[in-house]
Amino acid sequence: MTITFTLNDRSVTVDVEPSTLVSELLRDTLELTGTHVGCDTSQCGACVIHLNGESVKSCTLLAGSVDGQELRTVEGLAGGTDDLHPMQVAFRDNHGLQCGFCTPGMLMSSIDLVNRNPDPTEEEVREWLEGNICRCTGYQNIVKSVIAGAQALRDASRGDDHA
Amino acid sequence: MPEVVGVGASPKRKEDLRFVTGHGNYVADIKRPNMSFGVFLRSPHAHALIRSIDTSEALEQPGVKAVFTGEDMKADNVGGLPVGWGISGKDGNPMKEPPHPPIALGKVRYVGDAVAFVVAETVEQAEAAAELIEVDYETLPHVVGAVEALQPGAPQIYDEVPGNLCCDWDLGDCAAVDAAFETATHVTSIDLVNQRLVGNPMEPRAAIGEYDAANGQHTLWTTSQFPHVVRLLMGEMVLGIPQHKLRVVAPDVGGGFGVKQFHYAEEAVVTWAATKLGGAVKWVCQRSEGFISDAHGRDHVTQAELALDTDGKFLAMRVRTYANMGGYLSTFGPNIPTNLYAPLLSGVYVIPSIYCEVKVVFTNTVPVDAYRGAGRPEATFVVERLVDTAALEMGIDKFEIRKRNMIPTESYPYQTPVLVEYDSGDPLGCLERSMELADVAGFAERRSASEANGKYRGLGVSTYVEACGLAPSRLAGQLGARGGLYESANVRVHPSGAVTVLIGTHNHGQGHETTFAQIVSERLGVPFENIDIVFGDTDKVQFGMGTYGSRSLVVGGSALNKASDKIILKGRKIAAHQFEAALEDVIFEKGEFSVSGTDKKKSFPEIAGAAYVPFDFPLETLEPGLEEQAFYDPVNFTYPGGAHICEVEIDPDTGVVRLDRYTAVDDVGTIINPMIVEGQLQGGIVQGVGQALFEHGVYDEQSGQLLSGSFMDYCMPRADNFPDFTIKPHSTTCTHTPMGVKGCGECGTIGSPAAVINAVVDALRPLGVSHVDMPASPNRIWNIINNSGARAAAE
Amino acid sequence: MKAFSLQKPASVADAVAALGSAEDVLPLAGGMTLIPTLKQRLSECAALVDLSDVPELRGISLEGDVLVIGAMTRHTEVANSDVVRKAIPSLAALASRIGDQQVRNRGTIGGSVANNDPAADYPAAVLVLNAEIVTNVRTIPADAFFIGMFETALEPGEIILRFRFPVPDMAGYAKFASPASRYALAGVFVARTGDSVRAVVTGAASSVFRATDVENALARDFQPGALDRISIDPSEFLSDIHADKDYRGHLAIVMAKRAVQTALALAE
């Protein structure tokens, strides 16, 4: 089947098998390998992307279901290596990653959180990340990163208000 | 402005830009021309004879290129997977070492043992074909526990290994321990289980084999912590590929924790299959497949005794452990519960004599090998549970008994009765600092507050010492290692003065690209951003033993330091020539070569440039170029240590143990990058707490199936399980590594399990509880509470 | 995953026609259970009918004292709906704790109830409130809907359109989640309407069930303490590596008490 959708602000039209998962479409067909696959039971969250602005597990989503929708992956967060999303900056500044494998999913989940809740508490961050497993960091610095990223986004939006 | 970023700074990690933007390069991300896909058919039985395998229908399926069995590999003279470290038993005889074919031959020995490999144009085609392979199994009785496997009449896993006993190993002076126990006024005895764990790095394993027939060149991309060792083991011992014709690449690897420091069958199978079929063959492990094919960790059953005198001073320790090896010996399997375990049983204490025997046993389970800490968490758990139990039994405060028996700081270097000599340490300093930070004094008040809410609160402490920086080759060789354990580093100074380092360790989360660059920046005065670290490719990096056993900084960093020394010496020679000065008058400081007592000086880039423009070099004494290589072999292990204190609160209604406070004070020697060290400790602690509270690889005795075979049933620690930790360094300097470093990758995992379980036992002490097995799961804790309630009601 | 075709009907009629068009055609709601099952080759189908483009299956509204929720309404929508929060706050709270956030962003109430996983949360809400399950064929009272493990009264080709929840006077839900999967090991929903109290247990047995002893005790006194001497016979309960029968039986009472506490707190 042919599907057309918006991926990282660009329109994409592609032929897919109906049984193709969005994670497979992104990684194998579109060669966007920033979205990772860490399990087969929809638990680890390494594959989290945004579907119409909401975080979803791309390993549990059929490509046919995203026809006409808007997707964003980790590759679509930054304007360039000098123009990172504040959440990417926060993860880097706070050592919120080690091996980097869970990181794309962590970023996408965290951004969904701060979009809904611009000033989350530590407890809210920890609960929100229930669907993202990290084996390296012990989550300590991920939590710090998300809180710092939220702060940076709040500061940026205040800056916009002044402008 | 490019700057020197040296030792003690915490710059942003060099590797992070690619990871946060989704541009990491993991094996599963790699596409090769003419690439096909392979899947393994794995045994559903724990123990069975393979009567026949019919692959005919599978071969007829669309897209299928080949179906390989163990017989096909045997017919092609493929060898078995080698063991990298052999051990010998009490009787001096070597361990039993049965063959380990990459694909099972004649018999399967655990659920997950590979039976066939299907290669097709797509993964889906290979999966569909695999379902059509007909294997005629004759199932046999199986056994999953090490103790059970030694019982008379237990199923025999190998004809050539009577009683399933791989090795009956021991260490220490049995007679001296027996004599000391005779004189003891108190003996504490405990039975422990150190449960089976599944390491689960977030990136599942993957491998791509490729064969270039025109050049006779083989390439393997693999999720490995030690690509050069895979090249050696697989090339020489399994497939017979000469070293110079085999390239092994381990690019970005998504976590290892030991799970990726073995030579796995799948690596050999894809490399061999690519040779047969041409082009590339890719295999990517599914998580559920990883649960039954990644080597597991731990799985000990232990009886331990501690003899004490009237003052609570330790006299002797006696330990007997049954170690589960699984169905085959993994690369370092037999070394872990022996050489990396028993030598740590002295802990941070003066214990005049220690005797440990370990029965290393085959069972019908996934092979067991190193997992973060590897032997040392198991040893620490034995020591610290014994000490805590002794304190309880003798009515001595848990901190006091530890202080009373600690190795005094002035006694370092300290020779233990179990082989190792600790070079440095300050266990009392660590303990006292941790007590302050954890506000031990305020615990009674917090316990009262918990009790007022109907909760139990406990405080637990664990000290630890580990032996890491694997390893001094001389000592390792005496203990059965079949290779050296040095490391190599090459420092390539470009004409501009920028530096590329080629190093044999492997970075899979530890931040080597940053830490190693800091070392070079500090030593050579080169700006941090002008230094790149290259690793993970045997065609680029000269040689290396990889990353495990907290060795990268200790051994690899020391090699890098040594290579930097050589660069400085060479630079001084070039400068001496240019300055027309004597070599001994040329000094190098802060990135500048100068002649003492003069104003003559040249920058590092100037000398680097000069090295490549040797118009007037005295060529018989001074070579052009500025590139140096060093191999470093440590003279001893390093011995990081520390004290961890935690508090838990238990809800008696549900049995849930909530980790409320965690304090760690660790002696990791010189710290190059404090941010990275703290990150390593945080992650290590969570893995150790994972063992204490959540994780368990459970086999069903009846069926031989792994019941906890996915994240649905294997409980991974999650963000909402933890409070914020307090982690502080308390370093002494290692006396034998050039920079004084000790390593930090495994500390958290070693110190934490006993701290948590001691806290759980402390919380439940009012109920008469003296021991709790790991994991302290809600059901287990509720059963303990419920049974103690029933007991109390009956009394 | 084995190959299948995918259809995306835009109306209930087209969806029903697609489902009846061949053997082995399955409806796809949020896919949170179905897709992992297909992916692991534990089941297969010839075709999937994706219901997400059917407008009649969406939406939340209050019709008098009945809360109506379309079958394809996602957990996040229920959790964040002002209408639900006002009418049956415990239902919004339940939805806010299903799975993880990514599951809540995709999973649907209809999919969860039709699947009737023994450890799912929504079936407890449907049964405790005796909601009506409106399908393309008929209206089924919850009391007649849940048959057994993964088994409901739905016939082949029958799809759930919406749920009609009578608004109770007060209700509360408490669950004890498996530390690994985060599914309920034991979850209890209690609801009081007038003199009638219903209490439903999920996670503990092969399907949701009403705990009559708990209901009777709470009908006499709707307080946690009323359950102090009540127990639930666990002999038919599930037993696995996370929770044995006795523990599940104990948890059911603990969760029932917490559910009552929650109900009282939400009613304030």
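Residues numbered from 1 in each chain as written. Chains lettered and ligands numbered in written order. Predicted model: local features only at pLDDT ≥ 70, side-chain atom pairs only at ≥ 80, totals over all residues. Heavy atoms only, no water.

## Thoughts on the packing of helix H18 (residues 674-694) of chain B against helix H19 (residues 747-764) of chain B
Relative orientation and spacing of two packed helices are given, respectively, by the angle between their axes and the distance between those axes. Residue and element names in this part refer to chain B. Relative to each other, H18 and H19 sit at 40 degrees, their axes nearing to 7 Å. The pairing of H18 with H19 is recorded here as oblique in orientation. Handedness of the crossing formed by H18 with H19: right-handed. Note on element contacts: H19 touches H18 through Cys 747, Gly 748, Thr 749, Ser 752, Pro 753, Val 756 and Ile 757, opposite Leu 681, Gly 684, Ile 685, Gln 687, Gly 688, Val 689, Gln 691, Ala 692 and Leu 693. For the contact of H18 with H19, the class distribution of residues is nine nonpolar, seven polar and no charged. (Axes fitted to C-alpha atoms, helices over the stretch in contact; angles between N-to-C directions. Helix = DSSP H or I, 4+ residues; strand = E, 2+ residues; numbered from the N terminus. Parallel < 35°, antiparallel > 145°, perpendicular 65-115°, else oblique. Left-handed = near helix turned anticlockwise from the far one by under 90°. Contact = heavy atoms within 4.5 Å. Nonpolar A, V, L, I, M, F, W, Y, C, P; charged D, E, K, R; others polar.)

## Structural notes on H19 of chain B
For H19 of chain B, which comprises 18 residues, the first-to-last C-alpha distance of 27 Å matches the rise-based estimate of 26 Å (1.5 Å per residue) to within 8%. In terms of residue burial, H19 of chain B counts as a mostly covered element, since 18 of its 18 residues are buried. (Expected span 1.5 Å × (residues − 1). Buried < 20%, exposed > 50% of the residue type's maximum accessible area, 1.4 Å probe, protein only.)

## Considering the pattern of salt bridges
Counted according to the given criterion, the structure contains 72 salt bridges over all chains. Between Asp 9 of chain A and Arg 72 of chain A there is a salt bridge, with its nearest N and O atoms 2.7 Å apart. Of this pair, Asp 9 of chain A sits in the loop between strand S1 (2-7) and strand S2 (10-15) while Arg 72 of chain A sits in strand S5 (residues 70-72), placing them 63 residues apart in sequence. Given the relative accessible area of 22%, Arg 72 of chain A is considered partly exposed. Residues Arg 457 of chain B and Glu 649 of chain B are paired through a salt bridge, measuring 3.7 Å at the closest nitrogen-oxygen approach. Pair noted here: Arg 457 of chain B is in strand S18 (residues 456-465) and Glu 649 of chain B is in strand S26 (residues 641-651), with a separation of 192 residues, a long-range link. Within the structure, one salt-bridge network assembled from shared partners comprises Asp 439, Arg 446, Arg 457, Glu 647, Glu 649, Arg 658, Asp 660 and Arg 661 of chain B. (Salt bridge = Lys/Arg side-chain N within 4 Å of Asp/Glu carboxyl O.)

## Quick word on the interface of chain C and chain A
Residue-level contacts link 27 residues of chain C with 28 residues of chain A. Around 2,300 Å² of area is buried between chain C and chain A when both sides are counted, 53% of it from carbon and sulfur atoms. It is Lys 39, Gln 102 and Arg 106 of chain C that lose the most area in chain C upon contact with chain A, and together they represent 25% of the buried surface on that side. Linking chain C with chain A are two salt bridges. Two residues, Glu 130 of chain A and Arg 182 of chain C, come together in a salt bridge whose shortest N-O distance is 3.2 Å. Where chain C packs against chain A, one counts twelve residue pairs in polar contact (both at pLDDT 80 or more). Broken down by secondary-structure element, the contributors of at least two residues to the side of chain C that touches chain A are strand S1 (5-7), helix H2 (34-39), strand S3 (47-50), helix H3 (75-80) and helix H6 (101-106) of chain C. When residues of the side of chain C that touches chain A are assigned to their parent elements, the largest contribution, four residues, is made by H6 of chain C. Among the residues making up the side of chain C that touches chain A, the classes are represented as ten nonpolar, ten polar and seven charged. (Buried area = accessible area lost by both parts, 1.4 Å probe. Polar contact = N/O pair within 3.5 Å; in protein donor to acceptor, adjacent residues only side chain to side chain.)

## Looking at the pairing of strand S11 (residues 170-177) of chain C
All names here are of chain C. S11 sits mainly inside the fold: six of its eight residues count as buried. In the sheet, S11 pairs with strand S12 (residues 184-193) via eight bridges, with the strands oriented antiparallel. When the sheet's bridge partners are listed, Ala 177 is paired in S12 with Ala 184. Hairpin connection, S11 to S12: the antiparallel pair is bridged by six residues, and Arg 182 has positive phi, about 70 degrees. (Pairing = 2+ DSSP bridges.)

## Section: helix H11 (residues 398-405) of chain B
Residue and element names in this part refer to chain B. Those residues of H11 not exposed but buried are Lys 398, Phe 399, Ile 401, Arg 402 and Asn 405. Down the axis of H11, the smallest arc covering the buried residues is 165 degrees, so these residues share one side. Taking the backbone nitrogen of Phe 399 as reference, a side-chain oxygen 2.9 Å away marks Asp 397 as the first, capping residue of H11. (Arc of directions from axis to C-beta.)

## Observations concerning the domain arrangement of chain B
All names here are of chain B. By domain assignment, chain B separates into domain 1 (16-22 + 486-632), domain 2 (31-140 + 202-255 + 260-291) and domain 3 (297-470 + 636-794). A straight line from the C-alpha centre of domain 2 to that of domain 3 covers 36 Å. Contact residues are listed per partner, giving 31 residues for domain 2 and 32 residues for domain 3. Across the domain 2 to domain 3 interface the summed buried area is about 2,500 Å²; carbon plus sulfur atoms make up 66%. Linking domain 2 with domain 3 are one salt bridge, by the criterion used here. Our count for the domain 2 to domain 3 interface comes out at ten residue pairs in polar contact (both at pLDDT 80 or more). (Domains from an automatic or database assignment.)

## A few points about the packing of aromatic side chains
Geometry of an aromatic ring pair is reported as the spacing of the ring centres plus the angle between the planes. Applying the stated criterion across every chain yields a total of 31 aromatic pairs over all chains. Ring geometry for Phe 163 of chain C versus Phe 165 of chain C: centroids 6.1 Å apart, planes at 25 degrees, classification stacked. Both residues of the pair, Phe 163 of chain C and Phe 165 of chain C, belong to the buried class. Here the aromatic residues Tyr 110, Tyr 158, Tyr 328 and Phe 362 of chain B are joined through ring pairs into a cluster of three or more. When the ring centre of Phe 528 of chain B is taken as reference, the NZ or CZ atom of Lys 14 of chain B above it lies at 4.6 Å. (Phe/Tyr/Trp six-rings, centres within 6.5 Å; stacked < 30°, edge-to-face > 60°. Lys NZ or Arg CZ within 6 Å of the ring centre and 35° of its normal.)

## Some details on the packing of helix H10 (residues 376-394) of chain B against H11 of chain B
Residue and element names in this part refer to chain B. At a minimum axis separation of 9 Å, H10 and H11 run at an interaxial angle of 115 degrees. In this structure, H10 crosses over H11, and the sense of that crossing is right-handed. Contacts between H10 and H11 involve Glu 384, Val 387, Asp 388, Ala 390 and Ala 391 on the former and, on the latter, Lys 398, Ile 401 and Arg 402. In terms of residue class, the contact of H10 with H11 is made up of four nonpolar, no polar and four charged.

## Quick look at the sheet that holds strand S22 (residues 586-589) of chain B
Residues and elements named next belong to chain B. Pairing is antiparallel across the open sheet formed by three strands, whose spatial order is S22-S23-S24. Looking at the sheet topology across the chains shown, the edges are occupied by S22 and strand S24 (601-603). Across this sheet, the average inter-strand angle for adjacent strands is 20 degrees, counted without regard to direction. Sheet analysis places S22 next to strand S23 (residues 592-595), joined by four bridges and oriented antiparallel. By the bridge assignment for S23, Phe 588 is matched with Phe 593. Along the sheet, helix H16 (residues 552-579) makes contact with S22, S23 and S24, crossing S23 at roughly 45 degrees.

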